[in-house]
Amino acid sequence: MTTTTPARGRRRAPSRMERAAGRAAAFQKARVVLALLLLLALTSVMLLDGYLRSEIGNDARVRDGAAYDKVPGRILDGGPLLTFDHGTARTQSVPDRTIVLTFDDGPTATWTPQVLKVLEENDVDATFFMVGSMISRYPGVVKSLVKQGNEVGIHTFTHVDLSYQSAARLQRELKQTQLALAGAAGVTTTLFRAPYSSEIDAVDNYSWPVYQEIGGLGYTSVFVDTDSDDWKKPGVSKIVRWATPKKDKGAIVLMHDAGGDRSQTISALGTYIKKMKAKGYTFTTVSGAQAMLNGSRSGVGRQSGSAGAGASAGAGVGAGSGGTGAAQAAQHQAAGATLYEGRALVYAVAVAEWVVPALSWFLLVVGVAVMGRFGMMLVLARRHHRQRNRGRGRGGRGGGRFSWGPAVTRPVSVIVPAYNEKECIANTLRSLARSTHPIEIVVVDDGSDDNTSEIAESLGMPNVRVVRQENAGKPAALNNGVRTARHDIVVMMDGDTVFEPDAVHQLVQPFADPEIGAVAGNAKVGNRTTLIGAWQHIEYVMGFNLDRRMYDLLRCMPTIPGAIGAFRRDAVLGVGGMSEDTLAEDTDITIALHRAGWRVVYQEHARAWTEAPGSLRQLWSQRYRWSYGTMQALWKHRKSLTDKGPSGRFGRVGMPLVVLFQIVTPVFAPLIDVFTGYSMVFVDFRAALLAWLAVLAVQLVCAAYAFRLDREKYRYLVMLPLQQLAYRQMMYLVLIHSCVTALTGGRLRWQKLKRTGEVGTPAGAGR
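Below you will find a few notes about this structure. (Residues numbered from 1 in each chain as written. Predicted model: local features only at pLDDT ≥ 70, side-chain atom pairs only at ≥ 80, totals over all residues. Heavy atoms only, no water.)

**Remarks on the packing of helix H3 (residues 112-121) against helix H9 (residues 263-278)**
To describe two helices that pack against each other, one gives the angle between their axes and the distance between the axes. Where H3 contacts H9, the axes come no closer than 10 Å and their chain directions differ by 20 degrees. One way to sum up the angle between H3 and H9 is to call them roughly parallel. Like other packed secondary-structure pairs, H3 and H9 cross with a definite hand, here right-handed. From H3, Gln114, Val115, Val118 and Leu119 reach across to H9, where they touch Ile266, Leu269, Gly270 and Ile273. (Axes fitted to C-alpha atoms, helices over the stretch in contact; angles between N-to-C directions. Helix = DSSP H or I, 4+ residues; strand = E, 2+ residues; numbered from the N terminus. Parallel < 35°, antiparallel > 145°, perpendicular 65-115°, else oblique. Left-handed = near helix turned anticlockwise from the far one by under 90°. Contact = heavy atoms within 4.5 Å.)

What follows is the structure, given as structure tokens:
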């Protein structure tokens, strides 16, 4: 029988979705790019944070015991201040009874402010050789330090032994630290101290070329005369004694304001200053000592004001003047590109310092939630299986056979919406012809131009009716079929799906319970022989069907699959039919039925075989539509969160679970993988690998249990690790793409997938 029915109440003017389709298409590529840029930005922030914490590019090698025969003897026997004048090396010593206090490895938010407080209380200035990565993390401390009248020097950006580094790495370490200083305090400096350096007689054949290059750039390399060895934590008295110069000589004294617990340093500092002042010593900065050596004591003491103009943060350092006085003569006011680049660096680090820890904690919560979900799925899936299969295959022994109620044997209507399904429609209808349950079949041809309806009619099946309509989309086709159906129960399926003979009978049995308004069937991937098909097979068995068991027991089933689902006809009409408001009409109608007070259940024994997308492009298109449509449906039914009584159960339970585990968790899941990869490369490969394998093992257990419940062969699980590495990432990107589309107000149209018709009879069940 053939019926031609126009879409009831529909004009042929373009629908809202059709009108938006043209506009949306123009923005799809831009949205994909935006989604990738967001992921790239977060990855970049994490890499920046790793670089600042010396997890990226860290070189922990420290040279010791090298020869020094190529270093001039006058340098090895000279003072701790090394400069180069037109390529000629010169050293100087601090004047007698003069102390230059220097602090290395800072700044820190804990110890540097305490050092500054002691210096302020004792009216003393010091020189701080700071690590660039620490400067960028604590710019406020640096700004206070400079404002107080102290002097700053470079201690590289990542605290590496420069004798192992290339010339390019050397210049990068200097420039990045200068930028950090410019961004934090608005100054640059000509003072430099190499990490792991000590007295000048320790210069060797490998470090000497480094000092020559640095000197050629205009820097003064600062060594030490007296090392307090405070990093050894020997006690306050020893720190004071070891920092005291012998025979009233002047000295550059080394202490630390970072690198661990510096409480002993703080306690010793005040005592040391008072002791040395009592012995007649003067405290100054490196620049102050140089001014004294050059015959000028003007401005050697504490000064105030801002740094003068001069140095550039490029590879070389100008010798400009204009500092606050001799005590800060090595500092120069940053200007131009250097200042703005420095501020950009500090701002970027501030973002990284906030974002990365926040993401770490958030991802920890997500990880715990995911593991909890796995546990909950296993527990509830087992309970669901035991409950629904009680007495099955055992003659009803062991507690009584499960039953929905009196057997449902009355005829039902099967609605097959079809648009250009010439490859599949014959297999679909032949599978329905073998149904063990009495059915009428309503094929709704949605404006096909490939003879789909003619093929359906040519099969000569007496219980098949073909209803033709102008192309209006799947929801309109389903609504047309529901209105045309002659029976009170309607089964909906896709035009490319093949039912097992008892699928309809199994699917309608739950309607023996008058509270049940809809039933979700068990959709399986028929074309699983390809890699993409096998990945989707794993996803269907584990992700979809295991989920549905859980949601069934929680009475908050979010989606009845379009491939196989059954409804009370009155329930569908009562909620207004299949809506065109969203692209996920199956999710939309399911939530609507929940809100109308109907119960929705999962029938695992009603199996149908569907043709999954056969290419990555088609898969992306399908999942993009699914993800976006689900978001539309959730937003449409957001008021379910405040629904009362049984109708509000989905809002109270289902909505939060779907949002958390189908949107929020997958959106942030790529970052978990990025963190894992980052940890493998830059932190601890073994620990990160073990953590990843542990998560994979949990997923494998869940997948294996899901396969056991569905009586599937385990051999497909060998592809699970590869699925986690490749397929899952694609699904995450699809979801991120969908989120960007939703946030930018985009709309999508229905997208027809190319079918091959390779899914025939379900003879391969369980293969």
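**Structural notes on the packing of helix H6 (residues 167-185) against helix H7 (residues 208-216)**
It is the contact of H6 with H7, at a shortest axis distance of 12 Å, that shows an interaxial angle of 50 degrees. Judged by the angle between their axes, H6 and H7 are oblique. In this structure, H6 crosses over H7, and the sense of that crossing is right-handed. Where H6 approaches H7, its residues Ala167, Leu170, Gln171 and Leu174 are matched on the opposing element by Val210, Glu213 and Ile214. Each residue belonging to the contact of H6 with H7 can be placed in one class, and the counts come to five nonpolar, one polar and one charged. (Nonpolar A, V, L, I, M, F, W, Y, C, P; charged D, E, K, R; others polar.)

**Let's talk about the environment of Gly140**
Relative to the helices and strands, Gly140 is located in helix H5 (residues 139-147). Sequence separation between Gly140 and Ala184 is 44 residues; the distance between their C-alpha atoms is 6.8 Å.

**Digging into a negative patch on the surface**
A cluster of acidic side chains, namely Asp77, Glu199, Asp201 and Asp225, defines a negative patch on the protein surface. Relative to the assigned elements, Glu199 resides in the loop between strand S8 (191-192) and H7. Judged by its relative accessible area of 36%, Glu199 falls in the partly exposed class. (Patch = residues over 30% accessible without salt bridge, like charges linked within 9 Å, V, L, I, M, F, W, Y side chains within 5 Å. Areas by Shrake-Rupley, 256 points an atom, 1.4 Å probe, with all protein chains shown as cover. Salt bridge = Lys/Arg side-chain N within 4 Å of Asp/Glu carboxyl O. Lys, Arg positive; Asp, Glu negative; His and termini not counted. Charge placed at Lys NZ, Arg CZ, Asp CG, Glu CD. Buried < 20%, exposed > 50% of the residue type's maximum accessible area, 1.4 Å probe, protein only.)

**Observations concerning the nonpolar core**
Formed by 62 residues in total, the largest nonpolar core has its most connected members in Met492, Tyr551, Phe567, Leu593 and Leu634. Considering every element that reaches this core, the biggest residue donor is helix H16 (residues 531-554), with nine residues. Once you skip the residues sitting within four places of it in the chain, Tyr551 turns out to touch Cys556, Met557, Pro558, Leu657, Val658 and Gln662. Formed by 61 residues, the second largest nonpolar core is a distinct cluster that contains Val71, Trp111, Met255 and Val349. (Core = buried A, V, L, I, M, F, W, Y, C linked by side-chain atoms within 4.5 Å.)

**A short note on a positive patch on the surface**
Together, Lys238, Arg241, Lys275 and Lys279 line one region of the surface with positive charge. Among the secondary structure elements, Lys279 is positioned in the loop between H9 and strand S12 (282-284). Assessed through its relative accessible area of 36%, Lys279 is described here as partly exposed.

**So, the pairing of strand S3 (residues 88-92)**
Where strand S2 (residues 81-85) and S3 come together, five bridges link them in antiparallel fashion. Counted as the bridge partner of Asp85 is Thr88 from S3. Taking the residues between adjacent antiparallel strands as the criterion, S2 and S3 are bridged by two residues, where His86 takes a positive phi near 55 degrees. (Pairing = 2+ DSSP bridges.)

**A closer look at the pattern of salt bridges**
Summed over all chains, the structure comprises 23 salt bridges. Asp581 serves as the salt-bridge partner of Lys636, at 3.1 Å between the closest nitrogen and oxygen. Of this pair, Lys636 sits in helix H19 (residues 616-636) while Asp581 sits in the loop between helix H17 (569-574) and helix H18 (585-595); the two residues are 55 residues apart in sequence, bridging distant segments of the chain. A relative accessible area of 33% means that Lys636 is categorised as partly exposed.

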